[in-house]
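Chains, contacts and geometry: an overview
These are the residues of each chain, in order.
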Amino acid sequence: MERLPPKWIMKILSWWIDPSILDEIQGDLLELFQMDYTEQGKVYATRRYLKNVLLSIRNYNLRRFRRSPSNNSLAMIGNYLKSTIRNISKNATYSILNILGLAIGIAACLFILQYVSYEKSYDRFHDAYEDIYRVRYKVYRDGELNIDCAAAVPRVGPFMKENLPEVVDFVRAYPMSGTISYNNTSFREKRMHIVDPSFLTIFSFPLIKGDPSTALSDPYSVIITEEISKKYFGNEDPIGKTLEFDGDDKLQVTGVARNVPENSHLKFNFLISYETLNSRTRNDEGVSSSETSWGWYDFNTYVRVEPGTDPIVFDEKFADILYQERKEDFEKYNFKAEFPLQSIADIHLYSNLLQESEPEEQGDGRAVEFLSVIALFILIIAWINYVNLSTARSIDRSKEVGVRKTLGASRRQLIFQFFTEAFVLNLIALFLGVFIVLAGIRGFNILTDSRLSTAFLGDPQFWITISAIFLLGTVLSGLYPALVLSSFRPVSVLKGKLTKGISNVFFRKALVVFQFVASVGLIAGTLIVYQQLNHLRKLDLGFDMSEMVVVNGPRVFGQDSLFPSTNESFKNELKQLAFVESVTNGSNVPGDEIFWTNGIRRNSQSEDANKIIYNVGIDYNYFDTYDIDVVAGRSYNRSHQTDTGSVILNARAIEYLGFKSPEATIGDKVFFWNKPWTVIGVVDDYNQMTAKQAVSPLIFHLQPDNSGYYTIRLKENTNPSALNSLQSTYESFYPGNPFDYFFLDDFFNRQYNNDHTFSRVFTLFALFAIFVACLGLFGLSSFNVVKRSKEIGVRKVLGASVWKIVNLLSREFLMLLLLANLIAWPIIYWIMNNWLNTFASRISIGIWSFLIAGACVLVIAMGSVSLKIVQAARANPVDAIRDE
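Please read all numbers here as calculations on a predicted model, not as lab measurements.

Conventions we followed
- Residues numbered from 1 in each chain as written.
- Predicted model: local features only at pLDDT ≥ 70, side-chain atom pairs only at ≥ 80, totals over all residues.
- Heavy atoms only, no water.
- Helix = DSSP H or I, 4+ residues; strand = E, 2+ residues; numbered from the N terminus.
- Buried < 20%, exposed > 50% of the residue type's maximum accessible area, 1.4 Å probe, protein only.
- Contact = heavy atoms within 4.5 Å.
- Areas by Shrake-Rupley, 256 points an atom, 1.4 Å probe, with all protein chains shown as cover.
- Polar contact = N/O pair within 3.5 Å; in protein donor to acceptor, adjacent residues only side chain to side chain.
- Phe/Tyr/Trp six-rings, centres within 6.5 Å; stacked < 30°, edge-to-face > 60°.
- Lys NZ or Arg CZ within 6 Å of the ring centre and 35° of its normal.
- Patch = residues over 30% accessible without salt bridge, like charges linked within 9 Å, V, L, I, M, F, W, Y side chains within 5 Å.
- Salt bridge = Lys/Arg side-chain N within 4 Å of Asp/Glu carboxyl O.
- Pairing = 2+ DSSP bridges.
- Core = buried A, V, L, I, M, F, W, Y, C linked by side-chain atoms within 4.5 Å.
- Lys, Arg positive; Asp, Glu negative; His and termini not counted.
- Charge placed at Lys NZ, Arg CZ, Asp CG, Glu CD.
- Axes fitted to C-alpha atoms, helices over the stretch in contact; angles between N-to-C directions.
- Expected span 1.5 Å × (residues − 1).
- Bend = angle between axes of the 7 residues up to and from the residue.
- Parallel < 35°, antiparallel > 145°, perpendicular 65-115°, else oblique.
- Nonpolar A, V, L, I, M, F, W, Y, C, P; charged D, E, K, R; others polar.
- pLDDT = per-residue confidence, 0-100.
- Arc of directions from axis to C-beta.
- Left-handed = near helix turned anticlockwise from the far one by under 90°.

Here's the deal with the overall build of the protein chain
Summing up its helical and strand segments, the protein chain has 29 helices and 24 strands in all. By residue count, 51% of the 884 residues in the protein chain fall in the buried class. At a minimum sequence separation of 6, the contacts of the protein chain that also span at least 24 residues come to 79%. When the accessible surface of the protein chain is totalled, it reaches about 41000 Å², and 55% of it is carbon and sulfur.

If you want it as structure tokens, here you go:
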């Protein structure tokens, strides 16, 4: 027979108490009544039940008939804030851990988001960037892609505008470099472009001096940037002044542009009028190849289209028009050309074509996306920490909840209280996180070679993002603890018997497994990135770039008949220097992209078998100086007079042209430059460009008077002051030419700058994530120890040693770590394997990377939890079991 209190008392309760909380209060009081009935009898139980009912009615917040809560909302909020501040100060250690974890998580996330935002901001400062596209150039032969180039041909831009109404305008930018002189001061300049006048209307590069409508109209007009104006003219007005270009051309300054933003893929210091090039290439019939050529692919071409134009539909329409225009050439020479559009907003992150404007500054879209995922992981880990640390204190807070409920607090009010705590802690962490970003942004820029600034504080998008992070963090980190802590029954907690609320072990373990998965994945990923970059550093590139100084050759003006003898005398003079081991000159050096291409085929083949090959002009000492192996035949030799009609191929070119073997190629002929050439040698493949790319087919022809670069191999341990001797020698032979030099290893390795930046950013935020995860592990270990404190006490009383107790409590973490490894390994293998596939030369992912990552997380995890576990194992068991 069920023991129930008098019905009239129960009716009083049901009449006065708010129906939304009636069942909960009635259940609690009924449970107390039944306990009193068993222990003290019916009279005592009835008297106490009446007393509890009257106390409940007395609580204003529990009444059915009460005024609108809005009248007391401010007082309630003030009370919640007071309770929150009191709780934070009372539990300073947990509060600091919570705030620190959230602040570091928010700071790391903001750093990454700013870095990602900057990388994605490239070229978006142009007013009509959504409608501006670069025209790519692709050539297929026999269905095989031969050329995929960022630069197109000069005819395609005008042809598009003539035939497609979607094209508003076009612009061509022909890159150049050369020597600029003014008042006997000379500098070798890069970032020079010959451009159409429409450059200033398609792009948003404002002029601070000059008229945009006429500045590029006339031949030999030039626009310079503020930086160049200061460099050559100081505080003088440059408009109307004349700069000398390569000794013979006179360029008149017609405008000064603002310095090009760093987040532009197309950078310039000089803009020369396109008519300048037309005047140079115009034939006797008045036709300029810079306007009509379909084969000269050195022109970065951009089109602005009507808003809403679909680039895929555009490409299909243009392909049909182009075929009708060039059908005869396509069929005669057995090739096909395409000119697909590429959004300028995608160039920096998602383009890695031949002849990129600034190849060493190209970003990596996949890396940026991966860092975005890491930012999300760090935030989630920080929020998990809050949940773990809050639930770890559930037993301490349970009595508080029991007392509050007994005094009439509703579950809704308790949830609001705990959300207030989450709100305040997240708000403090937010301000601290922003402070960390402001204080650390300079160091972050140095470490990652970034250009972030505090200008983001004035960006409304930043405040929208940070507000979203704050609100989402408050809800996600506060929801579970609020629901758990507010669900405790006051009778149970006041009796020290907790069953509901902390029994959901699976959820908490799942959170920790997620942290372990993230930690193992980040450490394994960091190791793999390091191994790949180390592999690239130690990779046999096929040549020796140590102790090599490269000097830019002089500008040879016109047909300088004295240059060949001056060139030989200069190299002989260099060889006389005690610190010089060897000298060579050529059109290119390793790490320098080759733009010089021509058609080539075996001499026995027909014209439609032509393929594209890259040309390098070299002297007699080129292969010896670079230590490039000759695998068949011989190198060029002064004693062989016929070498001027001979060529040397690399091993890739032998395969490319269909020869059986290097040895079988010697003495055979290739058709090149409109005549047959004898192959006298084959050199081993070497990396002309980064090892991320496959080796390209190369042809070397003898050009002992090429003025591109001088490469000087120094003897070991040469004093840096030797550069002064090189400079004085150079200037004595080539007066008026600036002495520009670089070390070959630095020049070549600049191609890996983005990969090294990615490695540093990846490692930095992996450490952030692991540190934040450690705080969460400390929270779970605290929860585990508190939950099992009585068990620990009983075991110690029964004779268990400290080591056995530590082993018992650590076993759970070890099992979670094992599970996390099983989840993390295949995921990180798939991600990193895809990243490695972007390299032509890559490492194989070994098991050791994962084992080391697992071991590191094991050490970190055990270090995080061992302090609390050992402390509990060594505690006095009487303190743990005295309540029993």
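A few points about the environment of S213
Inspection of the secondary structure puts S213 in the loop between β6 (207-209) and β7 (221-225). Between the C-alpha atoms of S213 and P197, which are 16 residues apart in sequence, the distance is 7.5 Å. In this structure the side chain of S213 is engaged in a polar contact, spanning 2.8 Å, whose partner is the side chain of D211.

Some points on the packing of aromatic side chains
One pass over the structure, following the stated rule, counts 61 aromatic pairs. For the ring pair F205 and F268, a centre distance of 5.1 Å and an interplane angle of 90° mean the geometry is edge-to-face. You can see F205 sitting in the loop between α7 (199-202) and β6 and its partner F268 sitting in the loop between β9 (249-257) and β10 (270-273), a full 63 residues away along the chain. One exposure class covers both F205 and F268, and it is buried. Counting every residue linked through ring pairs, the aromatic cluster contains F563, F570, Y710, Y730, F733, Y734, F739, Y741 and F743. Between the NZ or CZ atom of R601 and the centre of the ring of F671, over which it lies, the distance is 4.3 Å. Here the guanidinium or amino end of K611 rests over the ring plane of Y656, the centre of that ring lying 4.9 Å away.

Remarks on a nonpolar patch on the surface
Nonpolar side chains collect at one region of the surface, where L472, V475, L476, L479 and L483 lie side by side and expose about 390 Å² of accessible area between them. Topologically, V475 is positioned in helix α16 (residues 460-486). The partly exposed category is assigned to V475, whose relative accessible area is 41%.

Details of the pairing of strand β15 (residues 580-586)
Most of β15 is tucked away: 6 of the 7 residues are buried. Of the strand pairs in this sheet, β15 and strand β23 (residues 709-714) are connected by 6 bridges, and their pairing is antiparallel. Considered in β23, the bridge of S582 is made with R713.

Structural notes on the nonpolar core
Counting residues in hydrophobic clusters, the biggest one holds 157 residues, and the most contacted among them are Y137, M160, F339 and F700. With 14 residues, the single largest contributor to this core is helix α5 (residues 92-120).

Examining unusual backbone geometry
Its identity is not glycine, yet D123 carries a phi of approximately 70°, on the positive side. Positionally, D123 belongs in the loop between α5 and β1 (132-135). With phi around 65°, N674 is a residue other than glycine that occupies positive phi space. Secondary-structure assignment places N674 in the loop between β20 (669-672) and β21 (675-683). Residue classification places N674 among the exposed residues on the basis of a relative accessible area of 73%.

Re the side chain of E119
Along the polypeptide, E119 turns up in helix α5. Taking relative accessible area as the criterion, E119 reaches 11% and is therefore assigned buried.

Considerations on a negative patch on the surface
A contiguous patch of negative charge on the surface is contributed by D540, D624, D627, D629 and D684. Here D684 is to be found in the loop between β21 and β22 (698-702).

A closer look at the pattern of salt bridges
Per the stated rule, a full pass over the model turns up 23 salt bridges. In this structure, the salt-bridge partner of D169 is K161, at a minimum N-O distance of 3.3 Å. Notably, a salt bridge pairs K571 with E568, separated by 3.5 Å at the nearest N-O pair. Here E568 and K571 lie together in helix α19 (residues 563-575), a separation of 3 residues that amounts to about one turn. Residues joined in a network through salt bridges with shared partners are E568, K571, D619 and R638.

Section: the pairing of strand β17 (residues 611-618)
Where burial is concerned, most of β17 is hidden: 7 out of the 8 residues are buried. The pairing of strand β16 (residues 597-602) with β17 spans 4 bridges and is antiparallel. Of the residues in β17, the one forming a bridge with G599 is I612.

Re the sheet that holds strand β2 (residues 137-141)
Ordered by their spatial adjacency, 3 strands build an open sheet running β3-β2-β12, and the pairing between neighbours is antiparallel. With one partner strand each, in any of the chains shown, β3 (144-149) and β12 (336-338) form the two edges of the open sheet. Strand-to-strand twist of the sheet, defined as the mean angle between neighbouring strand axes without regard to direction, takes the value 20°. Inspection of the sheet shows β2 paired to β3 by 5 bridges, in the antiparallel sense. Bridge pairing links Y137 to C149 in β3.

Quick look at the environment of A215
Structurally, the position occupied by A215 is in the loop between β6 and β7. Sequence separation between A215 and V253 is 38 residues; the distance between their C-alpha atoms is 8.5 Å. What A215 contacts, discounting residues up to four positions off in sequence, is L207, S221, I223 and T254.

Notes on the side chain of S198
Inspection of the secondary structure assignment puts S198 in the loop between β5 (185-195) and α7. Not counting residues within four places of it along the chain, the set of residues in contact with S198 comprises D169, F170 and V171.

Some details on helix α11 (residues 311-333)
Here α11 contains 23 residues, and its C-alpha end-to-end distance of 28 Å is more than 12% below the 33 Å for a straight helix at 1.5 Å per residue. Along α11, the helix axis deviates most sharply at R326, where the bend reaches about 75°. In the core, the buried residues of α11 are packed alongside α6 (156-163), β4 (167-182), β11 (300-305), β12 and β13 (341-343). Here α11 starts with a cap whose side-chain oxygen sits 3.0 Å from the backbone nitrogen of I312, and that cap is D310. Phi turns positive, to about 55°, at N334, one or two residues after α11.

With respect to the packing of α6 against α11
Running from amino to carboxyl end, α6 crosses α11 at an angle of 105°, the nearest separation of the two axes being 11 Å. By the angle class used here, α6 and α11 are roughly perpendicular. Residues V156, F159, M160 and N163 of α6 lie in contact with α11, whose contacting residues are F314, F318, I321, L322 and E325. Its residues assigned to classes, the contact of α6 with α11 comprises 7 nonpolar, 1 polar and 1 charged.

Considerations on the confidence of the model for the protein chain
In the predicted model, the protein chain carries a mean pLDDT of 84, and the fraction of residues at 70 or more is 87%. Note on residues 66-71: pLDDT under 50 across the span, and 5 contacts to partners over four residues away in sequence or across chains. Taken as a whole, residues 499-503 scores under 50 in pLDDT and shows 12 contacts with residues more than four places along the chain or in a different chain.

Considering α19
Helix length check: α19, at 13 residues, gives a terminal C-alpha distance of 18 Å against a target of 18 Å (1.5 Å per residue), a fit within 8%. Taken residue by residue, α19 has F563, N567, F570, K571 and L574 as its buried positions. The buried residues of α19 occupy one face: seen down the axis, they fall within an arc of 95°. Lining the buried residues of α19 we find β15, β23 and α23 (722-733).

Digging into the packing of α19 against α23
It is the contact of α19 with α23, at a shortest axis distance of 10 Å, that shows an interaxial angle of 160°. With respect to their mutual orientation, α19 and α23 come out roughly antiparallel. Between α19 and α23 lies a crossing whose hand is right-handed. Here T566, S569, F570, E573 and L574 of α19 lie close against α23, whose contacting residues are L726, T729, Y730 and F733. A breakdown of the residues in the contact of α19 with α23 according to their chemical character gives 5 nonpolar, 3 polar and 1 charged.

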